[in-house]
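# Topology and contacts: notes
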Amino acid sequence: MSNYLATEIDEIIRFDPRIVKNGNLIEVIVKYNGNIISVGEQTGAEVEILSNNYAILTLLEGQVPLLYNYPEIEYIELPKTLTFLLKRSMGQACIPPVRDKNRFGLRGKGTIIGIIDSGIDYTHPDFLNEDGTSRVLFFWDQTRVGVPPTGFKTGIEYNNEQINEILNTMQGGSVVFGLDENGHGTAVSGIAAGNGRSSNGREEGAAPEASIIVVKLGQTGFEAFARSTEVMRAIKYISDKAIQLNMPVAINISFGTNNGSHNGSSLFETYIDSMAERWKTVIVVATGNEGSAGHHYSNIIKQGESINVEFVTTGNLSKMYMTFWKNFADTFTLELISPGGQTTGVMRPTTRLTSVNLEGVEVSVFFGQPNQYRTDQEKFFLFDGRRSGIPQGIWRLVVTGEQVVDGRFNIWLPTIEDVTNDTAFTLPSVGTTLTLPSTAKNVISVGGYNSNIGSAADFSGRGYTRSDVYVKPDILAPAVGIITTRTGGGYDSFTGTSAAAPFVTGSAALMMEWGIVRGNDPFLYGQRVKAFLQKGARRERALPFPNPLWGYGTLCLNDTMELLTQYVRGGISI
């Protein structure tokens, strides 16, 4: 076994001890072949199988390097922390004509909207049927202790009957557990599937008669946000339920992170790609709100050249990360200089881990190496100022090209939800500001625009993926001032690509109702849905398409359905 393989994960754990759970347990994502259960038994790991090739292992921190001894393990990845990314203009998205009973009459009946988010206020009238029963078929709350779903280890599951019992007892003043304290998931659910009962139908979501399955994400990661492992579990859970119910499903993910290569190569993203090919499924992901945040820097360096990369911190942070990606064929040295002039010294790539104190901040720098799935290299910086905070001022990263073949490099700071836009590069790059997992290939990646004035939202994460691997975003939807359901009842206004994504999720459910439920096109799911949404998108601007800001254009479901009808019924020559 190569020494670097045996020690890499162990070094990362020491480098960022916050990823270790209580009791020195740690989660790892593995890509495997063969008998992973046997590996778990031999290492004392708890095994959660997500699919034929992906699993989550929970084991003692010191046991992780032993996994490299097993031929069943193809690759190991540590989980990443994701943050919320967060309104409605159904008319601009051309959805009401599709619901018109004199035309297509589609309302999502017979389909499932899967919501992976902060939960849902299932007591809100927009998620109830006319008889007062719940439209939520299943609700898995990963944050509470109870009886988890079959095949999972944590959380508590409520089925439709149990939810209805809660709704009935609620009339007597009983406490209702498992609601959406954050409000993000309720807002997203309303855009995708709210039925407008609180507004006499004026504020209907895209698919008001779709059934709903919700996963309220846990927080086993550090700080207040969920990990990629929670999202992976949630996708499997919703997919399993859809198969059991024999119903097509559109899954909405309005979460994201900047921690990754932004080219779709992480296990997190490739797992999502594989699940997008399972069953009759569409997975929709928001591109994030990083377009104007100043959290991405890119440049091209020449041999012997040094480039100063400056970024500003505000003094109100206790910890943050920075991730640097380059071609492994290039050899760069790095030097980080604090606002007060203290330095890490010149760091060379052969030194895997550097840890130094700069102005009271413990700065750790980890130099990664290529793996079986990518040829690029990550250099990960962790700033830990828990005692005195990260000082205010300008930091300087000196990048020197010693041996240059390619020369391109990209750096990302955490998302705006993590550090606000006050922590930013002084000369940022607006391209490739998509957050993971919207960079996964098989998902529908949705950016946002202001439908009131017809302009792209400056905050909308834009493409392409790093090194222009493929086109992202796929499509844009309304994202500014969208009226949607609010926790506790009524409606409120929200803005962000988190609001754009559920327009597309609901649209996908309507398409699958027409195709699969009504029998017009039994294979209308996956990439076929994406292709017709892109073909029917409106491209009214004098711009080349596809476009790193606008993707293939703005969502227009009516135009998509008109084209789909003609293609399926032979009105157009393919």
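Everything here concerns the structure above.
Quick look at the structure, then. (Residues numbered from 1 in each chain as written. Predicted model: local features only at pLDDT ≥ 70, side-chain atom pairs only at ≥ 80, totals over all residues. Heavy atoms only, no water.)

Attention now goes to the packing of aromatic side chains. Per the stated rule, a full pass over the model turns up 18 aromatic pairs. Both rings, one in Tyr-54 and one in Tyr-271, keep their centres 5.3 Å apart while their planes meet at 65 degrees; by these two values the pair is edge-to-face. Between Tyr-122 and Phe-139 the ring centres are 5.8 Å apart and the planes differ by 65 degrees, which places this aromatic pair in the edge-to-face class. Taken together, the residues span a long stretch of sequence, with Tyr-122 in the loop between β6 (112–117) and β7 (136–141) and Phe-139 in strand β7 at a distance of 17 residues. Considered together, Tyr-122 and Phe-139 belong to a single accessibility category, that of buried residues. The ring centre of Phe-138 lies 4.0 Å from the NZ or CZ of Lys-241, which sits over that ring. Lying across the ring of Trp-550, Arg-541 places its NZ or CZ 3.9 Å from the centre. (Phe/Tyr/Trp six-rings, centres within 6.5 Å; stacked < 30°, edge-to-face > 60°. Helix = DSSP H or I, 4+ residues; strand = E, 2+ residues; numbered from the N terminus. Buried < 20%, exposed > 50% of the residue type's maximum accessible area, 1.4 Å probe, protein only. Lys NZ or Arg CZ within 6 Å of the ring centre and 35° of its normal.)

Bringing the state of the cysteines into the picture now. On inspection of all chains with the given rule, the structure shows one disulfide. The disulfide bridge from Cys-94 ends at Cys-556, spanning 2.2 Å between sulfur atoms. Taking the sign of the torsion about the S-S bond as the criterion, the disulfide between Cys-94 and Cys-556, at about -105 degrees, is left-handed. Separated by 462 residues along the polypeptide, Cys-94 in the loop between β5 (83–84) and α3 (96–99) and Cys-556 in the loop between α10 (527–536) and α11 (557–568) bring together distant segments of the chain. (Disulfide = S-S within 2.5 Å.)

Now for helix α7 (residues 267–276). Among the ten residues of α7, eight are classified as buried, and the element is accordingly described as predominantly covered. Check the buried side of α7 and you find it contacts β1 (25–32), β3 (54–60), β4 (73–77), α6 (228–245) and β12 (281–286). (Contact = heavy atoms within 4.5 Å.)

Summarising the element assignment, Gly-196 is placed in the loop between α5 (184–193) and β9 (211–216). Accessibility expressed as a relative area gives 0% for Gly-196, which makes it buried. In this structure Gly-196 touches Asp-126, Gly-201, Arg-202, Glu-203, Glu-204 and Tyr-491, once residues within four positions along its chain are discounted.

Another point: the sheet that holds β4. Taken in spatial order, the four strands make up an open sheet running β2-β3-β1-β4, and their pairing is antiparallel. The open sheet has two edge strands, β2 (46–49) and β4, and neither has a second partner. Strand after strand, the sheet turns through a mean of 30 degrees between neighbouring axes, direction not considered. By the bridge criterion, four bridges tie β2 to β3 in an arrangement that is antiparallel. Looking at the pairing, Glu-46 lines up with Thr-58 of β3. Along the sheet face, helix α2 (residues 36–43) touches β1, β2, β3 and β4 and points at about 165 degrees away from the line of β2. (Pairing = 2+ DSSP bridges. Axes fitted to C-alpha atoms, helices over the stretch in contact; angles between N-to-C directions.)

Our next topic: the pairing of β3. Of all the seven residues making up β3, six are buried; the element is thus mostly covered by neighbouring parts of the structure. Pairing of β1 with β3 involves seven bridges; the strand directions are antiparallel. Bridge pairing in β3 places Ile-29 opposite Ile-56. The turn linking β2 back onto β3 is made up of four residues.

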